[in-house]
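Listed below, chain by chain, are the residues.
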Amino acid sequence: MQGGMHHAVAKGVRVDVKVDEALHIFALRVGPMNLPAHTSHMKMPQPPDLVWEVPIDGWLLAYHPKLVDGSGNAVPGTVLHHVAFWNENRADFLCPNKEEHIFGAGREMTDWAEVPGYGYRVMKGNRIRIETMMYNPTATSYEDAYLLIVIPFQETSGDAGGTPRKSVYPAWMDVTSCGNSGYDLPSGKSEKTGTVTVKYDGVLLGVGGHLHDYGKQIVLQDESRKETVATLDAKADAQGHLESVPVKLFVQEGGYKFSAGNVLKISATYDNPTGKLLHDGAMGIAVGYFVPSDDSMMAAYRRKTSPAHNIAGMSHDH
């Protein structure tokens, strides 16, 4: 896992993928997972890293996550600490030391909607690594829980091909810059900031965010222009448990323009009422889709083979 934490490995968890050719969707199912009540993410046995090999050349258009139990009944998003999809065949364009992080969700269960005319370009055989971390702060235990992610797609060929889409590049703008995303959350009010530099001209189509419990706000600023790109205020329940982080779209204006060399500053504010430091209790990430002016520049981020991972308990089962 990108974070170096060691957990007991949950046994028997796998990823199953169904392809609906008529509807052009992939339905990924990660599970089964048993989630006893009142269990922290450090104590919960965690699924091993799983790999999905993309079976098409084309574009992934959206990501719709939900949690269900063995009978198909909804399980609250509260028990998802986070899930992350990494493309082992591409490096991240903002942080080339990392693999490209193409989708993520936390308890806010952000639904990544389709942006008409755009998509995330994949090639047949791309290896998508799925990292899932669960916990259960609720008083209810859940047996045989599954994480379902529905991904509409468009192939480059065939009658559904239609017009080719413009390729988007996931932009993960993190308060830890290009380091591991998790950090310790001090008691009381706190703010953490980080910067990343955009190396290409292009536009940001929209931006959402990822925080953990007690998170208040994410602000993305263009330091070079002294402009605020987006302010995202989190919604939480009375206890401060995160419920949602909004998404702000710039599609109507043709995207928010970035220039090569622009420095972006990300800030995350928290207010932790527990009276104690929460180890690895915070993340602060602004997440957007970047469309470069010159797509050919991005070929440099493709990788033929994935680098070796030193991950204990890693599984490549399908």
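See the structure shown above.
Values in this document were obtained by computation on a predicted structure and should not be read as measured data.

**A word on the state of the cysteines**
1) Next: Taken as a whole and judged by the stated rule, the model has one disulfide.
2) Next: Covalently, Cys 95 is tied to Cys 178 through a disulfide, its sulfur atoms 1.9 Å apart. Sign of the S-S torsion, about -75° for the bond between Cys 95 and Cys 178, identifies this disulfide as left-handed. Of this pair, Cys 95 sits in the loop between strand 6 (80–91) and strand 7 (99–105) while Cys 178 sits in the loop between strand 12 (169–174) and strand 13 (183–185); the two residues are 83 residues apart in sequence, bridging distant segments of the chain.

**Here's the deal with the sheet that holds strand 14 (residues 188–197)**
1) Next: The four strands lie next to each other as 14-22-16-17, forming an open sheet whose pairing is antiparallel. Strands with a single pairing partner mark the edges of an open sheet, and in this sheet they are strand 14 and strand 17 (227–233). Between one strand and the next, the sheet's axes are offset by a mean angle of 15°, whatever the strand orientation.
2) Next: Note: strand 16 (residues 215–222) against strand 17, six bridges, orientation antiparallel. Within the sheet, the bridge partner assigned to Leu 220 lies in strand 17 and is Ala 230.

**Focus: the pattern of salt bridges**
1) Next: Across all of its chains, the model carries 13 salt bridges by this definition.
2) Next: With a closest N to O distance of 2.9 Å, Glu 114 and Arg 165 form a salt bridge. Of the two residues, Glu 114 sits in the loop between strand 7 and strand 8 (118–122) while Arg 165 sits in the loop between strand 10 (142–155) and strand 11 (166–167), which places them 51 residues apart along the sequence.
3) Next: Note on Arg 165: relative accessible area 16%, which makes it buried.
4) Next: Notably, a salt bridge pairs Arg 225 with Glu 227, separated by 3.8 Å at the nearest N-O pair.

**Notes on the nonpolar core**
1) Next: With 48 residues, the main nonpolar core has Trp 52, Leu 60, Tyr 63, Phe 85, Phe 103 and Ile 151 as its most contacted residues.
2) Next: Ranked by residue count, the leading element in this core is strand 10, at six residues.
3) Next: If we skip the residues at most four places from it in the chain, Leu 60 touches Phe 26, Trp 52, Ile 102, Gly 119, Tyr 120, Val 122, Ile 151, Pro 152 and Phe 153.
4) Next: Formed by 37 residues, the second largest nonpolar core is a distinct cluster that contains Ile 218, Phe 250, Leu 264 and Phe 290.

**Quick look at the sheet that holds strand 3 (residues 50–53)**
1) Next: Read across the open sheet, the four strands follow the order 3-9-6-7; overall the sheet is antiparallel. Two strands bound the open sheet, and with one partner strand each, they are strand 3 and strand 7. The average undirected angle you get between the axes of adjacent strands in this sheet is 25°.
2) Next: The pairing of strand 6 with strand 9 (residues 127–134) spans seven bridges and is classified as antiparallel. Within the sheet, the bridge partner assigned to His 82 lies in strand 9 and is Met 133.

**Remarks on the environment of Tyr 214**
1) Next: Within the fold, Tyr 214 resides in the loop between strand 15 (202–211) and strand 16.
2) Next: For Tyr 214, a relative accessible area of 13% puts it in the buried group.
3) Next: Separated by 145 residues in sequence, Tyr 214 and Asp 69 have C-alpha atoms that sit 27 Å apart.
4) Next: In this structure Tyr 214 touches Leu 185, Gln 239, Gly 240, His 241, Tyr 270, Asp 271, Asn 272, Pro 273, Thr 274 and Leu 278, once residues within four positions along its chain are discounted.

**Re the pairing of strand 15**
Successive side chains on a regular strand alternate, one facing one side of the sheet and the next facing the other.
1) Next: With respect to burial, strand 15 is a largely interior element, 10 of its 10 residues being buried.
2) Next: Pairing of strand 15 with strand 21 (residues 256–258), which is carried by three bridges, proceeds in the antiparallel orientation. The residue of strand 21 that forms the bridge with Gly 202 is Phe 258.
3) Next: The pairing of strand 15 with strand 20 (residues 248–249) spans two bridges and is classified as antiparallel. Bridging across to strand 20, Val 207 finds its partner in Lys 248.

Conventions used here
Residues numbered from 1 in each chain as written. Predicted model: local features only at pLDDT ≥ 70, side-chain atom pairs only at ≥ 80, totals over all residues. Heavy atoms only, no water. Disulfide = S-S within 2.5 Å. Helix = DSSP H or I, 4+ residues; strand = E, 2+ residues; numbered from the N terminus. Pairing = 2+ DSSP bridges. Axes fitted to C-alpha atoms, helices over the stretch in contact; angles between N-to-C directions. Salt bridge = Lys/Arg side-chain N within 4 Å of Asp/Glu carboxyl O. Buried < 20%, exposed > 50% of the residue type's maximum accessible area, 1.4 Å probe, protein only. Core = buried A, V, L, I, M, F, W, Y, C linked by side-chain atoms within 4.5 Å. Contact = heavy atoms within 4.5 Å.

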